[in-house]
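Okay, here's what each chain looks like letter by letter:
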Amino acid sequence: MPAWWGHVWHSSSVTPPRTLLGMFPHELEELVGTWGERAYRGRQIFSELHRRGVLDPSLMTDLPVRLRRCIEVTRSEEVRRLHSLDGLTSKLLLRLHDGQQIEAVEMNTARADGRKTICVSTQAGCAMACVFCVTGQFGFARNLEAGEIVEQVLRFNEPSHRVTNVVFMGMGEPLANYDETLRAIRLLIHPEGLRLGARRITLSTSGLVPQIHRLAAEGLQVGLAISLHAANDELRSRLMPVNRRWPIAELLDAAEAYFKQTGRRVSYEYTLMADMNDSDADADALARLLAGRLCHVNLIPLNPTEDPSLHAPSMSRALAFEARLRRAGVAATIRINRGRDILAACGQLRLSEKRRREAVPA
Ligand code: SAH
Ligand code: SF4
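Everything numeric here is computed off the predicted structure, so don't read it as measured data. Residue numbering note: each chain is counted from 1, following its sequence as written. Starting at A for chains and at 1 for ligands, labels are handed out in the order in which the entities are written. Owing to the predicted nature of the model, reporting of local features is limited to residues with pLDDT of at least 70; listing and counting of side-chain atom pairs is limited to 80 or more, with chain, interface and lining totals taken over all residues. Computation of side-chain values: all heavy atoms of the structure, hydrogens and water removed.

### Considering the overall build of the protein
Consideration 1: Secondary structure is summarised from DSSP: a helix means a run of H or I of at least four residues, a strand means a run of E of at least two, and numbering begins at the N terminus for each. Scanning the protein from N- to C-terminus turns up 13 helices and twelve strands.
Consideration 2: Buried residues are those whose accessible area, probed at 1.4 Å on protein chains only, stays under 20% of the maximum for their type, while exposed residues exceed 50% and partly exposed ones sit between those limits. The burial tally for the protein puts 54% of its 362 residues in the buried class.
Consideration 3: By definition in these notes, contact holds between two residues if any of their heavy atoms fall within 4.5 Å. A sequence separation of at least 24 residues applies to 67% of the contacts in the protein between residues at least 6 apart.
Consideration 4: Total accessible area on the protein is roughly 15800 Å²; 51% of this is exposed by carbon and sulfur atoms. Here the open area of atoms and residues is found with the Shrake-Rupley method and a 1.4 Å probe, where only the protein chains shown may cover a residue.

Spelled out as structure tokens, the structure:
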């Protein structure tokens, strides 16, 4: 078993202490009680933070001044903010209180539905070591605490244009940080907070099978996306070391169980890499694997990485792959990563910031 597995098993021990933003109303009630305040003040703090999105205590006008002075909200600091040329996508590089850097992305649709989707990170780095992923190649630093996850969403929520959807597809493996990810989801859907619908939240995983079963039993209607990327175990294990522990058959069984328990159709992410997993034979193998399952495949042409041997296929190859899946009865769409001009793919902005710093003499 590779050495990095240690990080996955022990990752829960490297979660920072609970922040105010990561607390439920009843926990805030208890906390303010220890300060000699009436319990309802705790619920007011929750509402200021999560409903009104006020993260600066001096602006929490519902609270008495003495209480505002007691409160300290642990917040991240904005390092860089980039906007795509089409104005629809923006990306934030955030520095956490201990110096770790994470990314969050805002994606707006041009359609009239006003959909605003935030892509959040759940860990600083990632221990899963997928070969095509910039974050995975960085390695793992620590889990994010629930408040650090929720803050990424609140930063983009505006009264005139509220967040409508959240995807757990940023840096990190959400199911390797299970407890904080679940807490963040429950905070996001809380009726006294942002009140997002669970069905508007999608969690993407590289395939931690026991945690998929656990998630299925939570009674939440969260969407599940599975990062598949290969239709046979030999290739998938090379691309994604997690496959050596939970091979494709076990992963698909878990996806089936998730669908049965939640009624939510599972989607599969398949990153297309030239001459690696993009041939007609690969498409046919994928179609055989998914035949008869109610699912959807998102085909994502590879975003640039540090590895010179990995390339995105041509658009005509990607279209041929998609057509072959569809002909075989598998629903598939090509998802062009929006905001390429702002390094919107996972881990790229942090990498460029690191390079920029290295290029500047001290
Ligand atoms: N750790 C989780 C969620 C974060 S990664 C997971 O792996 O599912 C979000 C998605 O981006 C995953 O489907 C991942 O495989 C994909 N991804 C990572 N690096 C990529 C790259 N260079 N190009 C295209 N997709 C990539
Ligand atoms: Fe981690 Fe997901 Fe990147 Fe794999 S693709 S290294 S699981 S963030």
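### Focus on the pairing of strand S11 (residues 295–301)
In summary, the side chains of a regular strand alternate between the two faces of the sheet.
Consideration 1: Burial analysis of S11 places seven of its seven residues in the buried class, which makes it a mostly covered element.
Consideration 2: Residues Cys-295, Val-297, Leu-299 and Pro-301 of S11 are buried on one face, and the alternating residues His-296, Asn-298 and Ile-300, pointing to the opposite face, are buried as well.
Consideration 3: When DSSP finds two or more bridges between a pair of strands, those strands are recorded as paired. Where strand S10 (residues 266–272) meets S11, seven bridges bridge the pair, whose relative direction is parallel. Across the sheet, Tyr-268 pairs through a bridge with Val-297, a residue of S11.
Consideration 4: Seen with the strands pointing away from the viewer, any crossover whose path from the first strand over the helix to the second strand runs clockwise is right-handed. With helix H11 (residues 280–290) bridging S10 and its parallel neighbour S11, the resulting β-α-β unit is right-handed.
Consideration 5: Inspection of the sheet shows S11 paired to strand S12 (residues 332–334) by three bridges, in the parallel sense. Note that in S12 the partner of Val-297 across the bridge is Ala-332.
Consideration 6: Crossover S11 to S12 through helix H12 (residues 315–327) is right-handed.

### Here's the deal with the site of ligand 2
Consideration 1: Residues in contact with ligand 2, as listed here, are Cys-126, Met-128, Ala-129, Cys-130, Cys-133, Gly-136, Gly-172, Glu-173 and Ser-206.
Consideration 2: When grouped by side-chain class, the residues that make up the shell around ligand 2 number five nonpolar, three polar and one charged. The near set for a molecule or strand comprises every residue that places at least one heavy atom within 4 Å of it. All residues other than Ala, Val, Leu, Ile, Met, Phe, Trp, Tyr, Cys, Pro, Asp, Glu, Lys and Arg, Gly among them, are scored as polar; the first ten of these are nonpolar and the last four charged.

### Some details on the nonpolar core
Consideration 1: Side-chain atoms within 4.5 Å are what join buried Ala, Val, Leu, Ile, Met, Phe, Trp, Tyr and Cys residues into a set we call a nonpolar core. Ranked by internal contacts, the top residues of the largest apolar core, which has 95 residues, are Tyr-268 and Val-297.
Consideration 2: Excluding residues that lie within four positions of it along the chain, Tyr-268 makes contacts with Ile-226, Leu-228, Leu-252, Ala-255, Leu-290, Cys-295, His-296, Val-297 and Asn-298.

### Details of the sheet that holds strand S8 (residues 201–205)
Consideration 1: On the basis of which strands lie adjacent, the open sheet formed by ten strands has the order S1-S2-S3-S4-S7-S8-S9-S10-S11-S12 and mixed pairing. A single partner strand is all that each edge strand has here, and the edge strands are strand S1 (77–83) and S12. Ignoring strand direction, the axes of neighbouring strands in this sheet form an average angle of 20°.
Consideration 2: Contacting strand S9 (223–227) and S10, helix H10 (residues 248–262) crosses the sheet at an angle of about 145° to S10. Here the axes come from fitting lines to C-alpha atoms, over the contacting stretch only for helices, and the angles between their N-to-C directions go from 0 to 180 degrees.

### Overview of helix H7 (residues 178–188)
Consideration 1: With respect to burial, H7 is a largely interior element, nine of its eleven residues being buried.
Consideration 2: Among the residues of H7, Tyr-178, Glu-180, Thr-181, Leu-182, Arg-183, Ala-184, Ile-185, Leu-187 and Leu-188 are the ones counted as buried.
Consideration 3: Elements that come into contact with the buried residues of H7 comprise helix H2 (25–34), helix H3 (40–51), helix H6 (146–154), strand S7 (165–168), S8 and helix H8 (209–216).

### A word on the site of ligand 1
Consideration 1: Near ligand 1 you find 17 residues, and of these Phe-132, Gly-172, Ser-204, Ser-227 and His-229 are the closest.
Consideration 2: The term polar contact refers here to a pair of N or O atoms within 3.5 Å; inside protein, the definition further demands a hydrogen-donor-capable atom paired with an acceptor-capable atom, and it admits residues adjacent in sequence only when both atoms are side-chain atoms. Backbone polar atom of Thr-205 to an oxygen atom of ligand 1: 3.4 Å apart, as the coordinates give it.
Consideration 3: A distance of 2.6 Å separates an oxygen atom of ligand 1 from a polar side-chain atom of His-229.
Consideration 4: Calculation on ligand 1 without its partners gives an accessible area of 530 Å², and the protein chains cover 92% of this total.
Consideration 5: Sorting the residues of the shell around ligand 1 by element identifies S8 and S10 as the ones contributing at least two each.

### Examining the packing of H8 against H10
Consideration 1: Relative orientation of the contacting elements H8 and H10 amounts to 5°, with a least axis distance of 9 Å. In terms of their interaxial angle, H8 and H10 are classed as roughly parallel. For the pair H8 and H10, contact is made by Val-209, Ile-212, His-213, Leu-215 and Ala-216 and by Glu-250, Leu-251, Ala-254, Ala-257, Tyr-258, Gln-261 and Thr-262, respectively.
Consideration 2: The class makeup of the residues in the contact of H8 with H10 is eight nonpolar, three polar and one charged. In this scheme, roughly parallel covers angles under 35 degrees and roughly antiparallel covers those over 145, while 65 to 115 is roughly perpendicular and the rest are oblique.

### Considering a nonpolar patch on the surface
Consideration 1: A contiguous nonpolar surface patch, about 260 Å² in accessible area, is contributed by Met-315, Leu-319 and Ile-336.
Consideration 2: By the element assignment, Ile-336 lies in the loop between S12 and helix H13 (348–359). What goes into a patch is any residue over 30% in relative accessible area without a salt bridge, connected to like charges within 9 Å or, for nonpolar side chains (Val, Leu, Ile, Met, Phe, Trp, Tyr), within 5 Å. Only one rule defines a salt bridge in this text: a Lys or Arg side-chain nitrogen within 4 Å of an Asp or Glu carboxyl oxygen.

### Side note on the pattern of salt bridges
Consideration 1: For the structure on display, the rule yields 26 salt bridges.
Consideration 2: Linking Glu-158 and Lys-116 is a salt bridge whose minimum nitrogen-to-oxygen distance equals 2.6 Å. One end of the pair, Glu-158, is in the loop between H6 and S7; the other, Lys-116, is in strand S4 (residues 116–119), and 42 residues separate them in sequence.
Consideration 3: With relative accessibility at 37%, the residue Glu-158 sits in the partly exposed group.
Consideration 4: The exposure class assigned to Lys-116 is buried, which follows from its relative accessible area of 0%.
Consideration 5: Residue Glu-218 is joined to Arg-186 by a salt bridge in which the shortest nitrogen-to-oxygen separation is 2.6 Å. In this pair, Glu-218 is assigned in the loop between H8 and S9 and Arg-186 in helix H7, connecting sequence segments 32 residues apart.

### So, H8
Consideration 1: Turning to H8, its buried residues are Val-209, Gln-211, Ile-212, Leu-215 and Ala-216. Along H8, the residues classed as buried sweep out an arc of 160° about the axis, all on the same side. As used here, the arc is the angular range of directions from the helix axis to the C-beta atoms.

### Brief notes about unusual backbone geometry
Consideration 1: In this structure, His-229 is a non-glycine residue whose phi angle is positive, near 65°.
Consideration 2: Relative to the assigned elements, His-229 resides in the loop between S9 and helix H9 (233–239).
Consideration 3: Although it is not a glycine, Asp-275 sits at a positive phi angle of roughly 60°.
Consideration 4: Structurally, Asp-275 can be placed in the loop between S10 and H11.

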